[in-house]
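A structural walkthrough
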Amino acid sequence: MKIIPEISLTILMLISTVMNINPRSTHRPQDPQMPSIMTHWKDDLDHCYYLHSPFLEGYPFFEIFDKKHFYDHLLPQGPISFRYDPEKLVDSSELTAAIDTLIKEIREKKSSYSHFTILKDSNFSRRRQSGLLIVKCKEYPFVVKLFMETPDMFVKPYKKGFCPMVFFFMGGGVNRHLSGFTRIKNAETLKGIIDDNPYWKTRVQMPRKWFWIADNSRWITISGANIGTYKQVSIDIPGTYCIIADAIDIERTMTLVNPVDRIESMALCNTAKFLVDPHIDNFTIERNTKKIVIVDTEHFPTIVGFKKDVGEYTSQAAWYIDLSKKAVGDMFFRDKSLWHAW
């Protein structure tokens, strides 16, 4: 079973290679109705960056970021309790100071950090100051997911790696920086679904999560033309922000070689209507409670561009095959009339 996602990934890599060696002619006139975005720092109108692409849709760029929801879910001021020892507390100002130091060290191109241990940096570029960096606090039981973006890199989806490029095609231009804004809202929706299900209510948990943004964070302005249903539209989003979450004491991560894991993870995804990424690595078993903990709560339909219910699946093989078919269709058989459908 483990080979299924690898086969799908290999197929898409071959497709992508063919597409890259057969680019659009530079002498071909630009369609005046082609969807496009322009980006710049909100406080710098002199340096603008552009992206024209038939894959761009309005929702990822101009509807995902909900400023009110973002600020309503910021890390609260004052003491924060620990997940496994509620009597222990850390003041939010200490976490803020630690993250401020982290960002300063990143700006200095450092590869190790005073207050944090790196958990994942494969999607982060220190040189470009762009991507997603996941770290764990050394002093306190919290994980920080740091999202950094620049106006320049925002319009370069083909320089962020293979998987982000495929998600760009499938999700109408979505990237990790944008989809990060869906994590807390989607976690709330998932919790509601789980709490309403007698079986999963006793089997599944999620860590607490909060947004965080520095007082001096710069904002990126995104302006769109002929994108989705918008002729002209603009929005400002944070260039740097974090999601702070409880660190989970993980006994093990679910795996495809375990038949029980395969069945349970797919059953959970069916119940949740695939609002969560079915990749089995996203499901972990908590050490003491033995419950399933969903640590990654990005809104999966946004990432892969689902616009309707996908139905139910009984196997990972069928799921990966259909997902690969969708990717091929989105990349090569996209109807031009759909440019302004969303």
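Residues numbered from 1 in each chain as written. Predicted model: local features only at pLDDT ≥ 70, side-chain atom pairs only at ≥ 80, totals over all residues. Heavy atoms only, no water.

Things to note about the confidence of the model for the protein
Of all residues in the protein, 88% attain a pLDDT of 70 or more, and the chain-wide mean is 89. Contacts from residues 17-23, a stretch scored under 50 in pLDDT, to residues over four places away or in other chains number three contacts. pLDDT under 50 marks residues 338-342. Its contacts with residues more than four places away, or in other chains, come to 18 contacts. (pLDDT = per-residue confidence, 0-100. Contact = heavy atoms within 4.5 Å.)

As for the nonpolar core
Grouped together as the largest cluster of nonpolar side chains are 68 residues, with contacts concentrated most on Ile 37, Phe 61, Ile 222, Ile 237 and Trp 319. Sort the elements by how many residues they give to this core and helix α6 (residues 162-170) lands first, with six residues. Counting residues in each nonpolar core, the second largest holds 25 residues, with Val 90, Leu 95, Leu 146 and Cys 242 among its members. (Core = buried A, V, L, I, M, F, W, Y, C linked by side-chain atoms within 4.5 Å. Buried < 20%, exposed > 50% of the residue type's maximum accessible area, 1.4 Å probe, protein only. Helix = DSSP H or I, 4+ residues; strand = E, 2+ residues; numbered from the N terminus.)

Notes on unusual backbone geometry
Phi at Lys 273 takes a positive value of approximately 55°, unusual for a residue other than glycine. You can call Lys 273 exposed: its relative accessible area is 52%.

Looking at the sheet that holds strand β13 (residues 250-253)
What the four strands build is an open sheet, ordered β8-β15-β14-β13; its pairing is mixed. If you trace the sheet from one side to the other, it starts and ends with β8 (204-205) and β13, each paired once. With three bridges joining them, strand β14 (residues 283-286) and strand β15 (residues 292-294) adopt antiparallel strand pairing. The residue bridging Thr 284 from the neighbouring strand is Val 293, located in β15. (Pairing = 2+ DSSP bridges.)

Things to note about the environment of Phe 124
Structurally, Phe 124 can be placed in strand β5 (residues 116-125). We classify Phe 124 as buried; its relative accessible area is 8%. Each C-alpha atom, one on Phe 124 and one on Lys 160, is 8.6 Å from the other, the two residues being 36 residues apart in sequence. Beyond its immediate sequence surroundings of up to four residues, Phe 124 is in contact with Ile 106, Ser 130, Gly 131, Leu 132, Leu 133 and Met 148.

Things to note about helix α4 (residues 92-107)
Taking 1.5 Å of rise per residue, 16 residues should cover 22 Å, and α4 covers 23 Å from first to last C-alpha, within 8% of that figure. By the burial criterion, the buried members of α4 are Ser 92, Leu 95, Ala 98, Ile 99, Leu 102, Ile 103, Glu 105 and Ile 106. Axial view of α4: buried residues confined to an arc of 160°, hence all on one face. Backbone geometry just after α4 places Lys 109 at a positive phi near 65°. (Expected span 1.5 Å × (residues − 1). Arc of directions from axis to C-beta.)

Considerations on the packing of aromatic side chains
In total, this model carries 28 aromatic pairs according to the counting rule given. When the centroid spacing of 4.7 Å and the interplanar angle of 55° are considered together, the rings of Phe 65 and Phe 181 count as tilted. One end of the pair, Phe 65, is in the loop between α2 (58-62) and α3 (67-72); the other, Phe 181, is in the loop between α7 (176-179) and α8 (183-195), and 116 residues separate them in sequence. Note on accessibility: Phe 65 and Phe 181 belong to one class, buried. A connected cluster of aromatic rings, assembled from ring pairs, spans Phe 65, Phe 70, Tyr 71, Phe 147, Phe 181, Phe 211, Trp 219 and Tyr 241. Directly above the ring of Trp 219 sits Lys 67, whose terminal nitrogen or CZ lies 5.2 Å from the centroid. (Phe/Tyr/Trp six-rings, centres within 6.5 Å; stacked < 30°, edge-to-face > 60°. Lys NZ or Arg CZ within 6 Å of the ring centre and 35° of its normal.)

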